[in-house]
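A look at the structure
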Amino acid sequence: MAWGARVSEVRVIDSHTAGEPTRVVVSGGPDLGDGPIAERLRRFASHHDDFRRSVILEPRGSDALVGALLTPPEDPACATGVIFFNNVGCISMCGHGAIGVAVTLAYLEQADVGELRLETSVGVVSVLLHSPNEATIENVPSYRFRSGVAVEVEGVGAVRGDVAWGGNWFFLVDATSIDSLAAISLESAPELTEATRRIKAALARQGVTGRDGVEIDHIELFGPAVSADADSRNFVLCPGEAYDRSPCGTGTSAKIACLAADGELQPGEDWVQESLIGSRFVARYRRGDQGEIIPSIAGEAFVCGDTTLIRNPRDPFRNGIG
């Protein structure tokens, strides 16, 4: 039909990892050229934000959705390069998204059970596909940057937490240390969202940052597990102020970096992390050459859609709402 020549089509594969959605762009995305993935991410952020918004925002997406744009890797040993993004911009790394990408490649018959490598803006992430729906990622080196940082939070009071890197910057707080907070559960998500929004704002006001002054854009509350065979339950506020339905791969990496720093988790020991919906990741770590921890995160992902998005130039919301 004649109108077809005027629209652009974007093929995406939707999946969820432990309940958290990933939308992988497999065709129809912008050409970002070659060079390091970090440089291509900057090009994407600078010149193709309309595309990001059209894929992630309503009416085609939602605030909880994380996008993953596949791009040719610079390193020929990698299966693909990948740029992660969400409802407010690009993100350095995404643990649940990396598992989702690996399962998507298996669905597309571009990866077999076994080892593969993904090239991200912060380094190469190794993935072991155990089955078409189960994968373990070996994340980027992670570490605790500061411990016991105190901030005064409006409406909450004094809050103390750790600043840690797990592929993104996190402020991790023991939820049981805040008397006014409800237990970590799906029913308390609105209250937890508001509390973590206030913690994030307090960090910015009081100048608490990651290394080199980088913004701390993820807030993680942790508390007792509900399941008898899990170690902890968490709530993670993501940069776009949506909460993570999964236990958060980079957040779990930051958490075990703190446990390792305190001597509470040894190399090779399992740490079972629950999310507020009861889904889980199994984490462990090994020591790197410089003594840093190299986390691994195991979880399940399931493809739930194989879709062509339509961008019509006559559509007033072709680039999303908001």
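Read on for a plain summary of the structure. (Residues numbered from 1 in each chain as written. Predicted model: local features only at pLDDT ≥ 70, side-chain atom pairs only at ≥ 80, totals over all residues. Heavy atoms only, no water.)

**Thoughts on unusual backbone geometry**
Geometrically, the link from Glu58 to Pro59 is a cis peptide bond, its omega value of 10° lying close to zero. Among the structural elements, Pro59 can be located in the loop between α2 (49-56) and β3 (66-71). At Asp212, a position not held by glycine, the phi torsion is positive, near 60°. Considering the arrangement of structural elements, one finds Asp212 in the loop between α4 (189-205) and β12 (218-223). With a phi close to 70°, Glu241 is a non-glycine residue in the positive phi region. As for its position among the elements, Glu241 is in the loop between β13 (232-237) and α5 (249-261). (Helix = DSSP H or I, 4+ residues; strand = E, 2+ residues; numbered from the N terminus.)

**Structural notes on the pattern of salt bridges**
Per the counting criterion, the structure on display carries 17 salt bridges. For Glu39, the salt bridge goes to Arg42, with nearest N and O atoms at 3.0 Å. Note that Glu39 and Arg42 are positioned in helix α1 (residues 37-47) at a spacing of three residues, about one turn of the helix. On the accessibility criterion, Glu39 (29% relative accessible area) is partly exposed. (Salt bridge = Lys/Arg side-chain N within 4 Å of Asp/Glu carboxyl O. Buried < 20%, exposed > 50% of the residue type's maximum accessible area, 1.4 Å probe, protein only.)

**Some words on the nonpolar core**
One finds Phe84, Val101, Phe171 and Leu221 to be the most contacted residues of the largest nonpolar core, which totals 65 residues. With seven residues, helix α3 (residues 95-107) is the largest single contributor of residues to this core. When near neighbours in sequence (up to four residues on either side) are disregarded, Val101 contacts Val24, Ala68, Leu70, Thr80, Val82, Phe84 and Leu118. Of all hydrophobic cores here, the second largest spans 16 residues; its members include Val12, Leu41, Phe44 and Phe51. (Core = buried A, V, L, I, M, F, W, Y, C linked by side-chain atoms within 4.5 Å. Contact = heavy atoms within 4.5 Å.)

**What about α3?**
Look at α3: 19 Å from first C-alpha to last across 13 residues, which is about the 18 Å you get at 1.5 Å a residue. Among the 13 residues that make up α3, 12 are buried, leaving the element largely enclosed by the rest of the structure. Three or more residues of α3 are buried, namely Gly95, His96, Gly97, Ala98, Ile99, Gly100, Val101, Ala102, Val103, Thr104, Leu105 and Ala106. (Expected span 1.5 Å × (residues − 1).)

**Section: the packing of aromatic side chains**
In this structure the tally under the stated criterion is six aromatic pairs. Clustering of aromatic rings is evident, with ring pairs tying together Tyr143, Phe145, Trp165 and Trp169. Of note, Arg245 hangs over the ring of Tyr243, and the distance from its end group to the ring centre comes to 4.0 Å. Geometry around Phe222 places Lys255 over its ring, the cationic atom sitting 3.3 Å from the centre. (Phe/Tyr/Trp six-rings, centres within 6.5 Å; stacked < 30°, edge-to-face > 60°. Lys NZ or Arg CZ within 6 Å of the ring centre and 35° of its normal.)

**Re the pairing of strand β2 (residues 20-27)**
Pairing geometry for strand β1 (residues 8-17) and β2, over seven bridges, is antiparallel. Within β2, the position partnered with Val12 by the bridge is Val25. Hairpin connection between β1 and β2: a loop of two residues separates the two successive antiparallel strands, and Ala18 in this loop has a positive phi of roughly 55°. (Pairing = 2+ DSSP bridges.)

**Side note on the state of the cysteines**
This structure, assessed with the given rule, holds zero disulfides. No disulfide involves Cys258; its sulfur sits 13 Å from that of Cys248, the nearest cysteine. Given a relative accessible area of 6%, Cys258 falls into the buried group. (Disulfide = S-S within 2.5 Å.)

**Regarding the side chain of Arg40**
Structurally, Arg40 is set in helix α1. It is Glu119 that comes nearest to the buried, bridge-free Arg40 among opposite-charge side chains, at 5.2 Å. Of note is the side chain of Arg40, whose polar atom sits 2.5 Å from the backbone oxygen of Pro72. Each residue touching Arg40, except ones within four places of it in the same chain, is listed here: Leu32, Gly33, Asp34, Gly35, Thr71, Pro72, Pro73, Glu74 and Ile83. (Lys, Arg positive; Asp, Glu negative; His and termini not counted. Polar contact = N/O pair within 3.5 Å; in protein donor to acceptor, adjacent residues only side chain to side chain.)

In short, geometric facts, not functional conclusions.
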